[in-house]
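Listed below are the residues making up each chain.
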Amino acid sequence: MYKSDEDRRRQMCFGRNWEPETGYRNCYRSNGFKPPPVPHEFISLAEAAIKDAQLYLDDLPSMYPDTCLVSFYKTNGRLGLHQDCDESSDSLRRGLPVVSISIGTTAIFVYRRTEHKRKLKDVWLDSGDVLIFGGKSRHIYHGVEHVGCNTFSDDLYLESKMRLGRLSLTLRQF
Ligand SMILES: O=C(O)CCC(=O)C(=O)O
Ligand SMILES: [Fe+2]
């Protein structure tokens, strides 16, 4: 797992290896191995979510996820404003969607269309929420501002023994 943001966020990958500094260039993890394949269950979830969203959005393209970034945010973990632009030029040009699945404590996803000036909009992400941005919105600036601590369900803990925090599964097609 990569450590970042003073250890308040940790990451690992399925499918293709991705690192904050080198993007997808280094296909081996620090342990010398390639990442495991993206689990079928994750792929099915992402595809079903895109199908549902396409009922409301005519211009949302389909995608087949070949990479999944798993991020664990501890309480008060955050992710600074950025664009997701390391995928292939074909994927970016076609606006193939990014699908982010949230598990655990609530977080605030912030975004805006351009880098400067415009006020940030926000969406609260609860456990079980799926956020999709694709098509015209594929290049939004976005980040995660605040991961709460008092929204973690007892049931989730009892069933999974997951640590207090937020797990996000972010699926993309390279
Ligand atoms: O944690 C999230 O929901 C967003 C993650 C994200 O923006 C990214 O991995 O690029
Ligand atoms: Fe992102």
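Residues numbered from 1 in each chain as written. Chains lettered and ligands numbered in written order. Predicted model: local features only at pLDDT ≥ 70, side-chain atom pairs only at ≥ 80, totals over all residues. Heavy atoms only, no water.

- As recorded in an unreviewed UniProt entry, the protein chain goes by Putative alkylated DNA repair protein AlkB and comes from Helianthus annuus.
- Per its UniProt entry, the protein chain bears the Sequence similarities (unreviewed entry) comment "Belongs to the alkB family." (UniProt positions renumbered as here; feature names shortened; annotations may be inferred.)

**Concerning the packing of aromatic side chains**
Here is step 1 of the chain: In this structure the tally under the stated criterion is 4 aromatic pairs.
Here is step 2 of the chain: Taken together, the ring pairs connect Phe109, Tyr111 and Phe133 into an aromatic cluster.
Here is step 3 of the chain: Taking NZ or CZ as reference, lysine 161 lies 5.4 Å from the ring centre of tyrosine 157, over its face. (Phe/Tyr/Trp six-rings, centres within 6.5 Å; stacked < 30°, edge-to-face > 60°. Lys NZ or Arg CZ within 6 Å of the ring centre and 35° of its normal.)

**Here we look at the environment of alanine 46**
Here is step 1 of the chain: Structurally, alanine 46 can be placed in helix α1 (residues 40-54).
Here is step 2 of the chain: It is 16 Å that separates the C-alpha atoms of alanine 46 and serine 91, two residues lying 45 residues apart in sequence. (Helix = DSSP H or I, 4+ residues; strand = E, 2+ residues; numbered from the N terminus.)

**Comments concerning the sheet that holds strand β6 (residues 107-112)**
The strands that make up a sheet pair up through hydrogen bonds in the backbone, lying either parallel or antiparallel.
Here is step 1 of the chain: On the basis of which strands lie adjacent, the open sheet formed by 4 strands has the order β4-β9-β6-β7 and antiparallel pairing. Every other strand in the sheet has two partners, leaving β4 (79-82) and β7 (121-125) as the edge strands with one partner each. Strand-to-strand, the axes of this sheet are offset by a mean angle of 20 degrees, without reference to chain direction.
Here is step 2 of the chain: For β6 and β7, the ladder comprises 5 bridges, and the chain directions are antiparallel. Residue pairing across strands places alanine 107 opposite leucine 125, the latter belonging to β7. (Pairing = 2+ DSSP bridges. Axes fitted to C-alpha atoms, helices over the stretch in contact; angles between N-to-C directions.)

**With respect to the coordination of the iron ion (ligand 2)**
Here is step 1 of the chain: Every protein donor of the iron ion (ligand 2) is listed here as His82 (NE2), Asp84 (OD) and His142 (NE2), and their distances to the metal cover 2.1 Å.
Here is step 2 of the chain: Counting the intervening residues between successive donors of the iron ion (ligand 2) yields the motif H-x1-D-x57-H. You can see aspartate 84 sitting in the loop between β4 and α2 (89-93) and its partner histidine 142 sitting in strand β9 (residues 141-147), a full 58 residues away along the chain. (Donors = N, O, S within 2.8 Å, 3.2 Å for Na, K, Ca; no water.)

**Some details on the pairing of strand β5 (residues 98-104)**
Here is step 1 of the chain: In terms of burial, β5 is largely enclosed, as 6 of its 7 residues are buried.
Here is step 2 of the chain: The sheet contact formed by β5 and strand β8 (residues 130-133) spans 4 bridges and is antiparallel. Bridge assignment links isoleucine 101 to a residue of β8, and that residue is valine 130.
Here is step 3 of the chain: Of the strand pairs in this sheet, β5 and strand β10 (residues 166-172) are connected by 6 bridges, and their pairing is antiparallel. If you follow isoleucine 103 over to β10, its bridge partner there is leucine 167. (Buried < 20%, exposed > 50% of the residue type's maximum accessible area, 1.4 Å probe, protein only.)

**Structural notes on the UniProt feature "domain: Fe2OG dioxygenase" (unreviewed entry) in the protein chain**
Here is step 1 of the chain: The UniProt feature table records "domain: Fe2OG dioxygenase" (unreviewed entry) at residues 64-174.
Here is step 2 of the chain: Spanning residues 64-174, this segment combines 11% helix with 42% strand, and its end C-alpha atoms are found 9 Å apart.

**Quick word on the nonpolar core**
Here is step 1 of the chain: Of all hydrophobic cores here, the largest spans 17 residues; its most connected members are Phe14, Val38, Phe42, Cys68, Val99, Leu169 and Leu171.
Here is step 2 of the chain: Elements with a contribution of two residues or more to this core: β2 (9-14), α1, β3 (67-73), β5 and β10.
Here is step 3 of the chain: The dominant element in this core, judged by the number of residues it contributes, is α1, at 5 residues.
Here is step 4 of the chain: Contact partners of valine 99, with chain neighbours within four places excluded, come to Ala46, Ile50, Met63, Val130, Leu131, Ile132, Leu169, Thr170 and Leu171.
Here is step 5 of the chain: Core analysis: the next-biggest nonpolar cluster, separate from the first, contains 6 residues, Val98, Leu131, Phe133 and Ile140 among them. (Core = buried A, V, L, I, M, F, W, Y, C linked by side-chain atoms within 4.5 Å. Contact = heavy atoms within 4.5 Å.)

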